[in-house]
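# Residue-level structure breakdown
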Amino acid sequence: QKEVEQDPGPLSVPEGAIVSLNCTYSNSAFQYFMWYRQYSRKGPELLMYTYSSGNKEDGRFTAQVDKSSKYISLFIRDSQPSDSATYLCAMTNNAGKSTFGDGTTLTVKP
Amino acid sequence: EAGVVQSPRYKIIEKKQPVAFWCNPISGHNTLYWYLQNLGQGPELLIRYENEEAVDDSQLPKDRFSAERLKGVDSTLKIQPAELGDSAVYLCASSSRTGEHNEQFFGPGTRLTVL
């Protein structure tokens, strides 16, 4: 079993929809929780990171961490066609090693 | 500010041939990572450098893979000999610190095809 499991998708939603992307993890040593966005034939780019349980909001994006359940989520409100990409969750332990999920591919249809 | 630069962007070789990838991190970033990304999967760490020291190479297949980061700036990842299963995207990333939240900035990757 992988340390980080991500809902595989793919997801296809209409423009304006609310999107929920989810990951679970098994390693309690993970300290930091991140979401990356990866466009086709590009490297991943950091969207958001969180440290503690709870919610963190940035514009249309909300990252949620529940350490007790070992579950993290990314919500996208008012989704746009430009949000179409692969979203990767990633988690880092206190030694600085990051483990990535396998990604969820999102398509937002105009 | 220039991002992480990788070259070549694409490489096609026959199996058993050697191949090398080059990475120039963001200026001032001490930490450099090489990842392998297979189609439909997330990046998997191959090696992490702090300056010129490899601090985590536990996932690097040392029988055929090697890496170096001379002078703590640019890095080269080499495969010799390449196998069919090495076909993947090789990503380089850099960050300014480690051991805590460290935003990793990724290059565009080198897409390797082994025939």
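Residues numbered from 1 in each chain as written. Chains lettered and ligands numbered in written order. Predicted model: local features only at pLDDT ≥ 70, side-chain atom pairs only at ≥ 80, totals over all residues. Heavy atoms only, no water.

## A short note on the overall build of chain B
Within chain B, the regular secondary structure consists of zero helices and 11 strands. Helices and strands appear in chain B in the N-to-C order β-β-β-β-β-β-β-β-β-β-β. At 13 Å, chain B has a C-alpha radius of gyration in line with the 13 Å of a compact globule built from 115 residues. With the principal axes as the frame, chain B shows a C-alpha extent of 40 × 25 × 25 Å. Every one of the 115 residues in chain B was classed for burial, and the buried ones make up 46%. A fraction of 54% describes how many contacts in chain B between residues 6 or more apart in sequence connect residues 24 or more apart. Counting only carbon and sulfur atoms, one obtains 48% of the accessible surface of chain B, whose full area is about 5700 Å². Once the 12 positive and 15 negative side-chain charges of chain B are each reduced to a mean point, those two points are 7 Å apart. (Helix = DSSP H or I, 4+ residues; strand = E, 2+ residues; numbered from the N terminus. Rg over C-alpha atoms; globule rule 2.2 N^0.38 Å. Buried < 20%, exposed > 50% of the residue type's maximum accessible area, 1.4 Å probe, protein only. Contact = heavy atoms within 4.5 Å. Areas by Shrake-Rupley, 256 points an atom, 1.4 Å probe, with all protein chains shown as cover. Lys, Arg positive; Asp, Glu negative; His and termini not counted. Charge placed at Lys NZ, Arg CZ, Asp CG, Glu CD.)

## Re the packing of aromatic side chains
Counted under the stated rule, the structure contains 10 aromatic pairs over all chains. Arranged with centres 5.7 Å apart and planes meeting at 90°, the rings of tyrosine 36 of chain A and phenylalanine 106 of chain B form a pair that is edge-to-face. Taken together, the residues tyrosine 36 of chain A in strand β4 (residues 30-38) and phenylalanine 106 of chain B in strand β10 (residues 105-106) connect one chain to another. Judged on exposure class, the residue tyrosine 36 of chain A and its partner phenylalanine 106 of chain B are both buried. An angle of 20° between the planes, with centres 6.0 Å apart, marks the rings of tyrosine 33 of chain B and tyrosine 35 of chain B as stacked. On the basis of relative accessibility, which here comes to 1%, the residue tyrosine 33 of chain B falls in the buried class. In textbook terms, an aromatic cluster arises when at least three aromatic residues are bridged by ring pairs, as seen for Tyr36 and Phe100 of chain A together with Tyr33, Tyr35 and Phe106 of chain B. (Phe/Tyr/Trp six-rings, centres within 6.5 Å; stacked < 30°, edge-to-face > 60°.)

## Some points on the environment of glutamine 104 of chain B
Its place among the elements puts glutamine 104 of chain B in the loop between β9 (88-95) and β10. Judged by its relative accessible area of 1%, glutamine 104 of chain B is buried. Spatially, the C-alpha atom of glutamine 104 of chain B lies 9.8 Å from that of histidine 29 of chain B, the residues being 75 residues apart in sequence. Only 3.0 Å separates the side chain of glutamine 104 of chain B from the side chain of serine 98 of chain A, close enough to count as a polar contact. A distance of 2.8 Å separates polar atoms of two side chains, one belonging to glutamine 104 of chain B and the other to tyrosine 35 of chain B. (Polar contact = N/O pair within 3.5 Å; in protein donor to acceptor, adjacent residues only side chain to side chain.)

## Section: the interface of chain A and chain B
Interface extent is often summarised as the accessible area lost during association of the parts. Listed by partner, the interface residues are 20 residues for chain A and 26 residues for chain B. For the chain A and chain B pair, buried surface summed over both sides reaches about 1700 Å², with 49% attributable to carbon and sulfur atoms. For chain A, the biggest contributors to the area lost against chain B are Arg41, Lys97 and Phe100 of chain A; these three give 29% of the whole. The interface formed by chain A and chain B holds zero salt bridges in total. Our count for the chain A to chain B interface comes out at five residue pairs in polar contact (both at pLDDT 80 or more). Mapped onto the side of chain A that touches chain B, the elements with two or more residues apiece are β4, β5 (45-50), β9 (85-93) and β10 (98-100) of chain A. Looking at the side of chain A that touches chain B, the element that brings in the most residues is β4 of chain A, giving four residues. Considered class by class, the residues forming the side of chain A that touches chain B number nine nonpolar, seven polar and four charged. (Buried area = accessible area lost by both parts, 1.4 Å probe. Salt bridge = Lys/Arg side-chain N within 4 Å of Asp/Glu carboxyl O. Nonpolar A, V, L, I, M, F, W, Y, C, P; charged D, E, K, R; others polar.)

## Observations concerning the sheet that holds strand β3 (residues 19-24) of chain B
Residues and elements named next belong to chain B. Spatially, β1-β3-β8-β7 is the arrangement adopted by the four strands of the open sheet, whose pairing is antiparallel. The outermost strands of the open sheet, each flanked by one partner alone, are β1 (5-7) and β7 (65-68). Between one strand axis and the next, the sheet turns by 15° as a mean value, whatever way the strands run. Inspection of the sheet shows β3 paired to strand β8 (residues 75-79) by five bridges, in the antiparallel sense. By the bridge assignment, tryptophan 22 is partnered in β8 with threonine 76. (Pairing = 2+ DSSP bridges. Axes fitted to C-alpha atoms, helices over the stretch in contact; angles between N-to-C directions.)

## Remarks on the state of the cysteines
Throughout the structure, instances matching the rule amount to two disulfides over all chains. Here cysteine 23 of chain A connects covalently by a disulfide to cysteine 89 of chain A, the sulfurs 2.0 Å from one another. As the torsion about the S-S bond is roughly -100°, the cysteine 23 of chain A-cysteine 89 of chain A disulfide counts as left-handed. With cysteine 23 of chain A in strand β3 (residues 19-25) and cysteine 89 of chain A in strand β9, this residue pair connects regions lying 66 residues apart in the sequence. A relative accessible area of 0% places cysteine 89 of chain A in the buried class. The partner cysteine of cysteine 23 of chain B in its disulfide is cysteine 92 of chain B, sulfur to sulfur 1.9 Å. On the sign convention where negative is left-handed, the bridge of cysteine 23 of chain B and cysteine 92 of chain B, at about -70° about the S-S bond, is left-handed. Within this pair, whereas cysteine 23 of chain B is found in strand β3, its partner cysteine 92 of chain B is found in strand β9, the two being separated by 69 residues in sequence. Given a relative accessible area of 0%, cysteine 92 of chain B falls into the buried group. (Disulfide = S-S within 2.5 Å.)

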